[in-house]
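A look at the structure
Here is how the chains run, residue by residue.
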Amino acid sequence: MINVSLFDDMTLCTDQEVERMIPLVPEPRRSDALKFKHTFGRFACLKAYLMLADLLHSEFGLDEFRMETGEHGKPFIADRPDIHFSISHCQKAIAVVVSDQPVGIDVESFRRFSDGLLDKTMNSDEKAAILSSDAPEEKFASLWTCKEAVFKMQGTGITDNLHNILSGGVTTGTKLNLEKGYALSVAW
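Parameters and conventions
Residues numbered from 1 in each chain as written. Predicted model: local features only at pLDDT ≥ 70, side-chain atom pairs only at ≥ 80, totals over all residues. Heavy atoms only, no water. Patch = residues over 30% accessible without salt bridge, like charges linked within 9 Å, V, L, I, M, F, W, Y side chains within 5 Å. Areas by Shrake-Rupley, 256 points an atom, 1.4 Å probe, with all protein chains shown as cover. Salt bridge = Lys/Arg side-chain N within 4 Å of Asp/Glu carboxyl O. Helix = DSSP H or I, 4+ residues; strand = E, 2+ residues; numbered from the N terminus. Core = buried A, V, L, I, M, F, W, Y, C linked by side-chain atoms within 4.5 Å. Buried < 20%, exposed > 50% of the residue type's maximum accessible area, 1.4 Å probe, protein only. Contact = heavy atoms within 4.5 Å.

So, on to a nonpolar patch on the surface. Residues Ile2, Val4, Leu6 and Trp188 make up a contiguous nonpolar surface patch of about 290 Å² in total accessible area. As for its position among the elements, Ile2 is in strand E1 (residues 2-7).

Here it is, written out as C-alpha coordinates:
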(Lines give C-alpha, C1' and ligand atoms only; values in the text may rest on other atoms or scores of the structure.)
Protein backbone atom coordinates (compact mmCIF):
# COMPACT_ATOMS: atom_id res chain seq x y z
CA MET A 1 0.00 0.00 0.00
CA ILE A 2 1.32 3.41 -1.02
CA ASN A 3 -0.82 6.51 -0.56
CA VAL A 4 0.26 9.99 -1.71
CA SER A 5 -1.24 13.33 -0.70
CA LEU A 6 -0.42 16.37 -2.83
CA PHE A 7 -1.18 20.03 -2.21
CA ASP A 8 -0.39 22.61 -4.89
CA ASP A 9 -2.78 25.53 -4.41
CA MET A 10 -0.16 27.97 -3.17
CA THR A 11 -2.63 30.87 -3.23
CA LEU A 12 -3.60 29.53 0.22
CA CYS A 13 -0.07 30.09 1.55
CA THR A 14 -0.90 33.12 3.70
CA ASP A 15 -0.20 34.34 7.21
CA GLN A 16 -3.90 33.90 7.97
CA GLU A 17 -3.79 30.23 6.97
CA VAL A 18 -0.66 29.72 9.10
CA GLU A 19 -2.50 31.22 12.09
CA ARG A 20 -5.46 28.92 11.42
CA MET A 21 -3.27 25.80 11.31
CA ILE A 22 -1.04 26.51 14.34
CA PRO A 23 -3.53 25.29 16.97
CA LEU A 24 -4.24 22.16 14.89
CA VAL A 25 -0.76 20.69 15.36
CA PRO A 26 0.91 19.52 18.57
CA GLU A 27 4.18 20.62 20.07
CA PRO A 28 6.97 20.26 18.93
CA ARG A 29 5.71 20.64 15.34
CA ARG A 30 4.20 24.00 16.25
CA SER A 31 7.58 25.21 17.50
CA ASP A 32 9.31 23.80 14.42
CA ALA A 33 6.96 25.76 12.17
CA LEU A 34 7.42 29.00 14.07
CA LYS A 35 11.22 28.80 13.67
CA PHE A 36 10.80 29.63 9.98
CA LYS A 37 11.12 33.35 9.24
CA HIS A 38 9.01 33.32 6.08
CA THR A 39 5.36 32.47 5.60
CA PHE A 40 6.10 29.68 3.13
CA GLY A 41 8.33 27.75 5.55
CA ARG A 42 5.75 27.99 8.31
CA PHE A 43 2.92 27.07 5.97
CA ALA A 44 4.76 24.07 4.47
CA CYS A 45 5.75 22.71 7.89
CA LEU A 46 2.21 22.92 9.23
CA LYS A 47 0.43 21.79 6.05
CA ALA A 48 2.72 18.78 5.58
CA TYR A 49 2.06 17.66 9.16
CA LEU A 50 -1.71 17.96 8.71
CA MET A 51 -1.53 16.06 5.42
CA LEU A 52 0.47 13.32 7.15
CA ALA A 53 -2.03 13.20 10.02
CA ASP A 54 -4.90 12.77 7.54
CA LEU A 55 -3.11 9.91 5.75
CA LEU A 56 -2.16 8.19 9.00
CA HIS A 57 -5.76 8.37 10.16
CA SER A 58 -7.26 7.10 6.90
CA GLU A 59 -4.69 4.37 6.21
CA PHE A 60 -3.70 3.20 9.70
CA GLY A 61 -6.44 4.50 12.01
CA LEU A 62 -4.00 6.68 13.96
CA ASP A 63 -5.44 9.74 15.63
CA GLU A 64 -2.31 10.58 17.61
CA PHE A 65 1.34 9.93 16.81
CA ARG A 66 4.80 11.11 17.77
CA MET A 67 7.34 11.84 15.06
CA GLU A 68 11.01 11.24 15.73
CA THR A 69 14.07 11.41 13.49
CA GLY A 70 16.74 8.84 12.75
CA GLU A 71 20.49 9.20 12.51
CA HIS A 72 20.46 10.99 9.15
CA GLY A 73 17.31 13.02 9.82
CA LYS A 74 14.75 10.62 8.37
CA PRO A 75 11.48 11.03 10.28
CA PHE A 76 9.55 8.04 11.61
CA ILE A 77 6.53 7.33 13.79
CA ALA A 78 7.60 6.35 17.29
CA ASP A 79 6.53 2.82 18.30
CA ARG A 80 5.19 2.02 14.80
CA PRO A 81 7.90 0.33 12.70
CA ASP A 82 5.14 -0.91 10.37
CA ILE A 83 4.44 2.64 9.14
CA HIS A 84 6.73 4.42 6.68
CA PHE A 85 6.34 7.96 5.38
CA SER A 86 8.14 10.77 3.64
CA ILE A 87 7.48 14.50 3.23
CA SER A 88 8.70 16.98 0.62
CA HIS A 89 7.91 20.51 -0.47
CA CYS A 90 9.04 23.15 -2.90
CA GLN A 91 7.66 26.59 -3.72
CA LYS A 92 4.97 25.03 -5.92
CA ALA A 93 3.78 21.95 -4.02
CA ILE A 94 3.76 19.95 -0.79
CA ALA A 95 3.74 16.14 -0.96
CA VAL A 96 3.40 13.38 1.62
CA VAL A 97 3.46 9.61 1.16
CA VAL A 98 2.63 6.84 3.66
CA SER A 99 3.14 3.13 3.20
CA ASP A 100 3.52 -0.21 4.92
CA GLN A 101 6.97 -0.53 3.28
CA PRO A 102 9.98 1.82 3.04
CA VAL A 103 9.08 4.79 0.85
CA GLY A 104 10.46 8.19 -0.16
CA ILE A 105 9.01 11.23 -1.93
CA ASP A 106 10.43 14.37 -3.50
CA VAL A 107 8.88 17.34 -5.26
CA GLU A 108 10.87 20.05 -7.05
CA SER A 109 10.07 23.06 -9.19
CA PHE A 110 11.38 23.11 -12.74
CA ARG A 111 14.47 25.32 -12.84
CA ARG A 112 17.60 25.95 -14.80
CA PHE A 113 20.66 23.94 -13.89
CA SER A 114 24.34 24.58 -14.38
CA ASP A 115 26.80 22.31 -16.15
CA GLY A 116 28.53 21.82 -12.81
CA LEU A 117 25.33 20.64 -11.12
CA LEU A 118 24.62 18.33 -14.03
CA ASP A 119 28.13 16.82 -13.78
CA LYS A 120 27.85 16.44 -10.01
CA THR A 121 24.42 14.80 -9.95
CA MET A 122 23.93 12.83 -13.17
CA ASN A 123 25.75 9.94 -14.85
CA SER A 124 26.64 10.08 -18.55
CA ASP A 125 23.39 8.42 -19.74
CA GLU A 126 21.27 10.76 -17.60
CA LYS A 127 23.20 13.83 -18.80
CA ALA A 128 22.71 12.75 -22.42
CA ALA A 129 18.97 12.26 -21.84
CA ILE A 130 18.67 15.70 -20.25
CA LEU A 131 20.73 17.52 -22.88
CA SER A 132 18.91 15.87 -25.78
CA SER A 133 15.47 16.52 -24.27
CA ASP A 134 13.07 19.07 -25.74
CA ALA A 135 12.41 20.12 -22.12
CA PRO A 136 15.75 19.76 -20.25
CA GLU A 137 14.56 21.48 -17.04
CA GLU A 138 11.67 19.04 -16.79
CA LYS A 139 13.90 16.04 -17.51
CA PHE A 140 16.44 17.19 -14.92
CA ALA A 141 13.69 17.67 -12.30
CA SER A 142 12.28 14.23 -13.11
CA LEU A 143 15.62 12.47 -12.62
CA TRP A 144 16.63 14.57 -9.60
CA THR A 145 13.34 13.92 -7.76
CA CYS A 146 13.73 10.18 -8.41
CA LYS A 147 17.21 10.25 -6.91
CA GLU A 148 16.18 12.26 -3.88
CA ALA A 149 13.12 10.05 -3.30
CA VAL A 150 15.43 6.99 -3.25
CA PHE A 151 17.77 8.68 -0.74
CA LYS A 152 14.79 9.56 1.44
CA MET A 153 13.48 6.00 1.24
CA GLN A 154 16.88 4.65 2.28
CA GLY A 155 17.23 7.22 5.07
CA THR A 156 20.89 7.85 4.29
CA GLY A 157 20.71 11.46 3.20
CA ILE A 158 22.30 12.49 -0.07
CA THR A 159 25.46 10.44 -0.41
CA ASP A 160 28.29 10.22 -2.91
CA ASN A 161 26.28 7.65 -4.88
CA LEU A 162 24.47 10.34 -6.90
CA HIS A 163 25.52 8.97 -10.28
CA ASN A 164 24.39 5.39 -9.66
CA ILE A 165 21.55 5.63 -7.13
CA LEU A 166 18.88 4.80 -9.72
CA SER A 167 20.61 1.62 -10.89
CA GLY A 168 20.03 -0.25 -7.62
CA GLY A 169 16.73 -1.92 -8.47
CA VAL A 170 14.52 0.53 -6.58
CA THR A 171 11.13 1.24 -8.12
CA THR A 172 10.28 4.89 -8.77
CA GLY A 173 7.35 6.71 -10.31
CA THR A 174 7.28 10.32 -11.48
CA LYS A 175 4.50 12.76 -12.27
CA LEU A 176 5.16 16.05 -14.04
CA ASN A 177 2.78 18.96 -13.60
CA LEU A 178 3.58 21.09 -16.64
CA GLU A 179 0.91 23.67 -15.83
CA LYS A 180 2.23 24.41 -12.34
CA GLY A 181 5.88 23.65 -13.10
CA TYR A 182 7.03 20.82 -10.84
CA ALA A 183 8.05 17.17 -10.78
CA LEU A 184 6.96 14.68 -8.09
CA SER A 185 8.66 11.30 -7.62
CA VAL A 186 8.01 8.41 -5.24
CA ALA A 187 10.46 5.58 -4.52
CA TRP A 188 9.56 2.21 -2.97
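Now, onward.
Attention now goes to the nonpolar core. One finds Leu52, Leu56, Phe65 and Ile94 to be the most contacted residues of the largest nonpolar core, which totals 30 residues. Among the secondary structure elements, those contributing two or more residues to this core are helix H1 (15-21), helix H3 (39-60), strand E4 (84-90) and strand E5 (93-99). Counting residues per element, this core draws most heavily on H3, which supplies 14 residues. Once you skip the residues sitting within four places of it in the chain, Leu56 turns out to touch Gly61, Leu62, Phe65, Ile77, Ile83 and Val98. Counting 14 residues, the second largest nonpolar core, distinct from the first, contains Phe113, Met122, Met153 and Ile165.

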